[in-house]
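Here's the letter readout for the chains.
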Amino acid sequence: MTAPSSRRYGPDLTPPWKRSTPPPEVAAERDLVVEEVGTGFCGAVLRCEKTAEGFTVTLEDRHRRLRVFPLTPGGFLIDGRPVTLVRPRAAAAPSAPARTASGSVAVPGVRARVALPSRIYVEGKHDAELVERVWGDDLRIEGVVVEYLEGIDDLPAIVADFAPEPGRRLGVLVDHLVPGSKESRIVERVGGADVLVVGHPYIDVWAAVKPASVGIPAWPDVPRGEEWKLGVCRRLGWPADTREAWRRILASVNSFRDLDPALLGRVEELIDFVTAPAP
């Protein structure tokens, strides 16, 4: 009598017929419609990108609402079946010169320069993050450092402490720089050949992002006296979480085309000013 044949087992002693099959991997291509398992949010893929928390995917639902989710294994459904979204393969190199987010010709393989003595100051963290997102590659090549002030009430003292001089210039970007504003009165107290203060008309840099890029018809009007960012969240039906709102807004910016010209021109002006050779 022959001995019965035994089933073969690999290093995993679980019988093959009991092993679960991992969800298939699907490239997160633009316009692919998926459902996020944890929240049930259903939308089309807008973009897939690397963030400080890892790779994420941005979805847009039929009401043009945007949500950002991590690419967790089995975290999405397609036609009711679980899948793992992965980054799409990089497209073949274009024949035309590659461009940075600011529209400049990209220079591959160039290392960042040692920082110049000159600086660009912006009002807050969001301003600095937006400038980095669009002009970061250019600034590193030029060796320009961007710092934020957390407001401009002390701008005259800050400029005096920096002590601008030829070869050590200071450029400052100010929010809501319009005639008669508090900001305009502060800026009038600052001057000199080696300092340049420019501004945009918006009460906050959020509004310098084009509404269409964020997926909204327009930035809402918020009455004077109401905290502007929270007022925007309320009127757009977003959670009252300004940090999450800013992450959503910043994720919608992919290049200079997503910004209003009123901001674009001022930042380019500052970069030209602080990188100009000393006379």
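Look above for the structure.
Worth saying up front: this structure is predicted, and the values here are computed from it rather than measured.

1. Looking at the overall build of the chain
Point 1. If you tally the helices and strands in the chain, you get seven helices and eleven strands.
Point 2. Excluding contacts between residues fewer than 6 apart, the proportion of contacts in the chain whose partners are at least 24 apart in sequence is 62%.
Point 3. Carbon together with sulfur atoms contributes 52% to the accessible area of the chain, which is approximately 16,700 Å² in total.

2. Observations concerning empty space enclosed by the protein
Point 1. Evaluation of the coordinates by the stated rule reveals two cavities of 30 Å³ or more.
Point 2. Taken together, Trp238, Pro239, Asp241, Glu244, Ala245 and Arg248 form the lining of the largest cavity.
Point 3. Residue composition of the lining of the largest cavity, by class: three nonpolar, no polar and three charged.
Point 4. Here the second largest cavity is characterised by a volume of approximately 30 Å³.
Point 5. As for the second largest cavity, its lining consists of Ile120, Val122, Val131, Leu173, Val267 and Leu270.

3. Brief notes about helix H1 (residues 125-142)
Since there are 3.6 residues in each turn of an α-helix, residues three or four apart along the chain are aligned in direction.
Point 1. Between the first and last C-alpha of H1 there are merely 21 Å, a value that for 18 residues lags more than 12% behind the 26 Å anticipated at 1.5 Å per step.
Point 2. Of all bends in H1, the biggest is about 80 degrees, found at tryptophan 135.
Point 3. Of all the residues in H1, the buried ones are His126, Asp127, Ala128, Leu130, Val131, Val134, Trp135, Gly136, Asp138 and Leu139.
Point 4. Buried-residue contacts for H1 involve strand S8 (119-122), strand S9 (145-148), helix H5 (228-236), helix H6 (242-251) and helix H7 (261-275).
Point 5. Glycine 143 occupies a position one or two residues after H1 and carries a positive phi of about 80 degrees.

4. Things to note about the environment of arginine 189
Point 1. With respect to the helices, strands and loops of the structure, arginine 189 is situated in the loop between helix H3 (182-187) and strand S11 (195-199).
Point 2. Exposure remark for arginine 189: the relative accessible area of 58% places this residue in the exposed category.
Point 3. In this structure, the C-alpha to C-alpha distance between arginine 189 and proline 156, residues 33 residues apart in sequence, is 6.5 Å.

5. Looking at the side chain of glutamate 123
Point 1. Structurally, the position occupied by glutamate 123 is in the loop between S8 and H1.
Point 2. Buried charge glutamate 123 goes without a salt bridge, the closest partner of opposite sign being lysine 182 at 7.0 Å.
Point 3. Within polar-contact distance, the side chain of glutamate 123 engages the backbone nitrogen of aspartate 175 at 2.6 Å.
Point 4. If we ignore the near neighbours within four places in the chain, the residues touching glutamate 123 are Tyr148, Leu149, Glu150, Gly151, Ile152, Leu173, Val174 and Asp175.

6. A closer look at the packing of H1 against H6
Point 1. For the pair H1 and H6, interaxial distance at closest approach is 11 Å and the crossing angle is 20 degrees. Taken together, the axis directions place H1 and H6 in an arrangement best described as roughly parallel. Considering the relative orientation of H1 and H6, their crossing is right-handed. Each of His126, Glu129, Leu130 and Arg133 in H1 lies in contact with H6, whose residues at this interface are Trp246, Leu250 and Ala251.

7. Brief notes about the sheet that holds strand S6 (residues 76-78)
Point 1. Spatially, the seven strands line up as an open sheet ordered S1-S7-S6-S2-S3-S4-S5, and their pairing is mixed. In this open sheet, the two strands that pair with only one neighbour each are strand S1 (25-27) and strand S5 (66-70). This sheet shows a mean twist of 50 degrees between the axes of neighbouring strands, independent of strand direction.
Point 2. The sheet contact formed by strand S3 (residues 42-51) and strand S4 (residues 54-60) spans seven bridges and is antiparallel. Across the sheet, residue arginine 47 finds its bridge partner in S4, namely threonine 58.

8. Regarding the pattern of salt bridges
A side chain of one charge can pair with a side chain of the opposite charge if their charged atoms are brought near each other.
Point 1. Under the counting rule described, the total for this entry stands at twelve salt bridges.
Point 2. Lysine 229 is the partner of aspartate 204 in a salt bridge, and the nearest nitrogen-oxygen pair spans 3.5 Å. Of this pair, aspartate 204 sits in the loop between S11 and helix H4 (211-214) while lysine 229 sits in helix H5; the two residues are 25 residues apart in sequence, bridging distant segments of the chain. Residues aspartate 204 and lysine 229 agree in their burial class; the two are buried.
Point 3. Overlapping salt bridges bring together Glu132, Asp137 and Arg140 as one network.

Rules behind the numbers
- Residues numbered from 1 in each chain as written.
- Predicted model: local features only at pLDDT ≥ 70, side-chain atom pairs only at ≥ 80, totals over all residues.
- Heavy atoms only, no water.
- Helix = DSSP H or I, 4+ residues; strand = E, 2+ residues; numbered from the N terminus.
- Contact = heavy atoms within 4.5 Å.
- Areas by Shrake-Rupley, 256 points an atom, 1.4 Å probe, with all protein chains shown as cover.
- 1 Å grid on protein atoms, 1.4 Å probe; cavity = no way out; pocket = protein on both sides within 12 Å on 5 of 7 lines; lining within 4 Å.
- Points joined across faces, edges and corners; volume = space filled by probe spheres on them.
- Nonpolar A, V, L, I, M, F, W, Y, C, P; charged D, E, K, R; others polar.
- Expected span 1.5 Å × (residues − 1).
- Bend = angle between axes of the 7 residues up to and from the residue.
- Buried < 20%, exposed > 50% of the residue type's maximum accessible area, 1.4 Å probe, protein only.
- Lys, Arg positive; Asp, Glu negative; His and termini not counted.
- Salt bridge = Lys/Arg side-chain N within 4 Å of Asp/Glu carboxyl O.
- Polar contact = N/O pair within 3.5 Å; in protein donor to acceptor, adjacent residues only side chain to side chain.
- Axes fitted to C-alpha atoms, helices over the stretch in contact; angles between N-to-C directions.
- Parallel < 35°, antiparallel > 145°, perpendicular 65-115°, else oblique.
- Left-handed = near helix turned anticlockwise from the far one by under 90°.
- Pairing = 2+ DSSP bridges.

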